[in-house]
Amino acid sequence: MKPDFSMKEYLAHIISESLKQFELEEQPNIQIEDPNQPEHGDAATNIAMTLAKPLRNNPRAIAQQIVDGLEYDENKISAVEIAGPGFINFRFAEDYLFDELESILEAGADFGKSAGNKDQRVLVEFVSANPTGPLTVGHGRNAVLGDTVARLLEWTGAEVEREYYFNDAGRQMRVLGESVQARYLELLGKDAEFPEGGYEGEYIRDIAQALIDEQGEELADAKDESPFKEKAEEEIFADISGTLERMSIKMDSFFNERSLYEDGKIEETIEKLRAKDLVYDKDGAVWFKTTEFGKDKDTVLVKSSGEPTYRLPDIAYHANKLDRGFDLCLDVFGADHIATYPDVLNGIKSLGYDPEKVDVVVYQFVTLVKDGKPFKMSTRKANFVTLDELMDEVGADVTRFFFLMRSPNTHLEFDIARAKEAGEKNPVFYLQYAHARIASILRKVEEEYDFESQADLSVLTHPSEITLIKTMLKFPENVANAARLREPHHVINFLEELASAFTSFYHDCRILGEDEKLAQARMELAKAVAQVLRNGLGILGITAPEQM
RNA sequence: GCGCCCGUAGCUCAACUGGAUAGAGCAAUUGCCUUCUAAGCAAUAGGUUACAGGUUCGAGUCCUGUCGGGCGUACCA
């Protein structure tokens, strides 16, 4: 496999060689960018402008000196131009493009992979919904984003584990058990009081019915809710796992918060912090001196009831992750949890861990729109649309795509009606359609041609062909970039550009019916496009169909 | 009050470390199917990037302030 971004590295190298003539005190950072306008070439650098001040000269004059001192391989670069206020624009030689096209085909399913995170062990924690009900579209963004970020990191060489963190010991779960108990008694025709703030969803009744089917009335005299809670947890986790699997999400581990208590880690965490004088008792509660870290208030770690707040196990959990030797622990959560993050960082830092090894992917809320109005979801009140219902309507590919197409940083408006309508004209189909089209053409090419020699790619001269190759070459950097920023939507933007470049090519250039030499070269080009589409869709966890 | 995020075309959203003429999709208008899938292509129209300052060769992007929206700011998770 060829090294990624070879062209940008090459350009940076030859430019830095030319810069030696200036005897600069420090090596400037050489930026190579993709121009927006085709007239501005295939790559550009602003280096002359950034050197204007230190060299006390005008940028265009500096650019001229740099270009004069530039030694480059004409097999790679066909032209170097100075333009605008002092940009230096480069044009790629066609031979270079053909070589790269060949290397895409050689790399195949590996094209786009890079090694920036090689040998990094990364834990991505996501979903982490307590098992109180089915996964809803509210959880969808978390689930799909977490899984896709994990895939992106894998594409940059990291060894990734996916973990689901949950707590089955809290108040939520107790109320859940009581809710099932009440439905159970109701179904048996007995008096039952539905708990205040109980879970009203129909699935609670289903769980109760399952208990009746298995054990009859045996539990009617149960002293507390625990057998009901256990059954509910089991059923709901089975449901959640099914939903995740349907979305092509595979967890490596489920981490139960309770184990932190059983292993004494909670106690240990508090004692360690106390030894550092960061913890004190007041009003029967245990406080964490977060004012030491610049917060305006200290934070309760253990309530006067003796029950820890969620911050304490959170700190212990992150310490546990780092104890397991991960180089990076990524948490995926919604903007509403952002406030807890500094406490966790301060906690693990105080315990002697490197907080740099913990990072978060924060996404903004999904605004569900139903019947044209914002719809407030509540698992407890049974106001929700489940991910399974959504996938029944639009399928898993559309579901994943929908959650990935926007930057995590923006509020995602999820209009149920529109998502259903979208069935026929969803943007994801545009990408899949391009892939299916290529597959279809390749099937026909195989029937009608019998190529004997190696393809001669140099017959690819049409602007649509050249654009297509140049577009594909951006893929590795795009993936690395998306991984670095943990923003999968960059990959979608790229794939839309590629699919669009392909459909233009499809309309401009035929394969079938052309003479053998041209048909073969175009077939190789189409094969490469299909490969890149497959690779990109694979990162997104979306299928690349052979026909539609 | 304080903290974080957001404000870009009628709508939903792009725009990598600050770069050259701010882009797509949907909606609108107009062409294009005896030819590899029209789930498509080409073209037109649509903008004071909320507002006001500042930084600089250059700002949608960085800084300050104002307005508007979301989320936090619990001995809830």
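A. Here's a closer look at the overall build of chain A. In terms of regular secondary structure, chain A is built from 19 helices and 15 strands. Across its three principal directions, the C-alpha atoms of chain A cover 85 × 65 × 40 Å. Put simply, of all contacts in chain A between residues at least 6 apart along the chain, 73% involve residues at least 24 apart. Total accessible area on chain A is roughly 26200 Å²; 44% of this is exposed by carbon and sulfur atoms. Side-chain charges of chain A comprise 61 positive and 101 negative groups, with the mean position of each set lying 4 Å from the other.

B. How the structure looks around the sheet that holds strand β11 (residues 328-334). An order of β7-β6-β5-β11-β12 is seen for the five strands of this open sheet, with the pairing classed as parallel. The sheet is open, and its two edges are formed by β7 (253-256) and β12 (358-363), each paired on a single side. Across the sheet, the axes of successive neighbouring strands diverge by a mean angle of 25°, strand direction being ignored. Bridge analysis of strand β5 (residues 121-125) against β11 gives four bridges, and the strand direction is parallel. Within the sheet, the bridge partner assigned to Leu 123 lies in β11 and is Cys 329. Along the sheet, helix α8 (residues 226-246) makes contact with β6 (159-166) and β7, crossing β6 at roughly 145°. Strand contacts of helix α12 (residues 341-350): β11 and β12, with the helix running at about 175° to β12, the strand carrying the most contacts.

C. Up close: the packing of aromatic side chains. The full count for this structure, using the stated rule, is 19 aromatic pairs. An angle of 10° between the planes, with centres 6.4 Å apart, marks the rings of Tyr 280 and Trp 287 as stacked. By relative accessible area, which is 17% here, Trp 287 ends up buried. Between Phe 502 and Tyr 506 the ring centres are 6.3 Å apart and the planes differ by 40°, which places this aromatic pair in the tilted class.

D. Quick peek at the protein's contact with RNA strand B. With respect to spatial proximity, 61 residues lie near RNA strand B, and among them Lys 297, Lys 303, Tyr 310, Thr 410 and Tyr 433 are the closest. Protein-proximal atoms of RNA strand B, defined as those within 4 Å of the protein, fall in sugar or phosphate at a share of 61%. Ser 407 is positioned with one of its backbone polar atoms (N or O) 2.8 Å from a phosphate oxygen of RNA strand B. At 2.6 Å from a base nitrogen of RNA strand B is found a main-chain nitrogen or oxygen belonging to Tyr 506. Class assignment for the residues of the surface near RNA strand B results in 21 nonpolar, 22 polar and 18 charged.

E. Representation of a negative patch on the surface in the model. Taken together, the side chains of Glu 94, Asp 95, Asp 99, Glu 102 and Glu 106 define an acidic patch exposed on the protein surface. Looking at the element boundaries, Asp 99 is found in helix α4 (residues 94-107).

F. View of helix α17 (residues 475-485). Inspection of α17 places Phe 475, Pro 476, Asn 478, Val 479, Ala 480, Ala 482 and Ala 483 among the buried residues, and these make up the whole buried set. Downstream of α17 by a residue or two, Arg 486 has a phi angle that is positive, lying close to 55°.

G. Structural context of the pairing of strand β4 (residues 87-92). Here three bridges tie strand β2 (residues 43-45) to β4, and the two strands are oriented antiparallel to one another. By the bridge assignment, Thr 45 is partnered in β4 with Ile 88. Judged from the six bridges that link them, strand β3 (residues 77-83) and β4 form a sheet pairing that is antiparallel. Paired with Val 80 across the bridge in β4 is Phe 90. Between β3 and β4, which pair antiparallel one after the other, the connecting turn spans three residues, and Gly 84 there sits at a positive phi close to 55°.

H. Molecular detail of the domain arrangement of chain A. Here chain A is partitioned into domain 1 (6-92), domain 2 (121-167 + 250-363), domain 3 (171-246) and domain 4 (426-540). Each of domain 2 and domain 3 has a C-alpha centre, and these two points are 29 Å apart. Contacts between the two partners involve 13 residues from domain 2, matched on the other side by 13 residues from domain 3. For the pair domain 2 and domain 3, the summed buried area comes to about 1200 Å², and 70% of that belongs to carbon and sulfur atoms. In terms of surface lost to domain 3, no three residues of domain 2 exceed Pro 131, Thr 132 and Leu 135, which account for 48% of the buried area on that side. Our count for the domain 2 to domain 3 interface comes out at zero salt bridges.

I. Expanded view of the sheet that holds strand β15 (residues 412-415). Read across the sheet, three strands follow the order β14-β13-β15 without closing on themselves; strand pairing throughout is mixed. The sheet terminates laterally at β14 (373-374) and β15, the two strands that pair on one side only. In this structure, strand β13 (residues 366-370) lies alongside β14, joined through two bridges in antiparallel fashion. Considered in β14, the bridge of Lys 370 is made with Lys 373. In the packing of helix α13 (residues 387-404) onto the sheet, contacts are made with β13 and β15, and the angle to β15 comes to roughly 165°.

J. Focus on the environment of Phe 429. Structurally, Phe 429 can be placed in helix α15 (residues 427-448). Expressed as a C-alpha distance, the spacing of Phe 429 and Leu 244, which sit 185 residues apart in the sequence, is 22 Å.

K. Fine view of the pattern of salt bridges. Evaluated as defined, the whole model comprises 38 salt bridges. Measuring nitrogen to oxygen at the nearest pair gives 4.0 Å for the salt bridge that ties Arg 121 to Glu 159. Placement of the pair is Arg 121 in strand β5 and Glu 159 in strand β6, with a sequence separation of 38 residues. In this structure, Arg 205 and Glu 202 form a salt bridge, with 3.1 Å as the shortest nitrogen-oxygen distance. Of this pair, Arg 205 and Glu 202 are both found in helix α7 (residues 202-215), three residues apart, which corresponds to roughly one turn of the helix. The class for Arg 205 is partly exposed, based on a relative accessible area of 27%. Note on Glu 202: relative accessible area 49%, which makes it partly exposed. Salt bridges linked by common partners bring Asp 147, Arg 151, Glu 154, Arg 162 and Arg 400 together as one network.

What counts and what doesn't
Residues numbered from 1 in each chain as written. Chains lettered and ligands numbered in written order. Predicted model: local features only at pLDDT ≥ 70, side-chain atom pairs only at ≥ 80, totals over all residues. Heavy atoms only, no water. Helix = DSSP H or I, 4+ residues; strand = E, 2+ residues; numbered from the N terminus. Contact = heavy atoms within 4.5 Å. Areas by Shrake-Rupley, 256 points an atom, 1.4 Å probe, with all protein chains shown as cover. Lys, Arg positive; Asp, Glu negative; His and termini not counted. Charge placed at Lys NZ, Arg CZ, Asp CG, Glu CD. Pairing = 2+ DSSP bridges. Axes fitted to C-alpha atoms, helices over the stretch in contact; angles between N-to-C directions. Phe/Tyr/Trp six-rings, centres within 6.5 Å; stacked < 30°, edge-to-face > 60°. Buried < 20%, exposed > 50% of the residue type's maximum accessible area, 1.4 Å probe, protein only. Near = heavy atom within 4 Å. Polar contact = N/O pair within 3.5 Å; in protein donor to acceptor, adjacent residues only side chain to side chain. Nonpolar A, V, L, I, M, F, W, Y, C, P; charged D, E, K, R; others polar. Patch = residues over 30% accessible without salt bridge, like charges linked within 9 Å, V, L, I, M, F, W, Y side chains within 5 Å. Salt bridge = Lys/Arg side-chain N within 4 Å of Asp/Glu carboxyl O. Domains from an automatic or database assignment. Buried area = accessible area lost by both parts, 1.4 Å probe.

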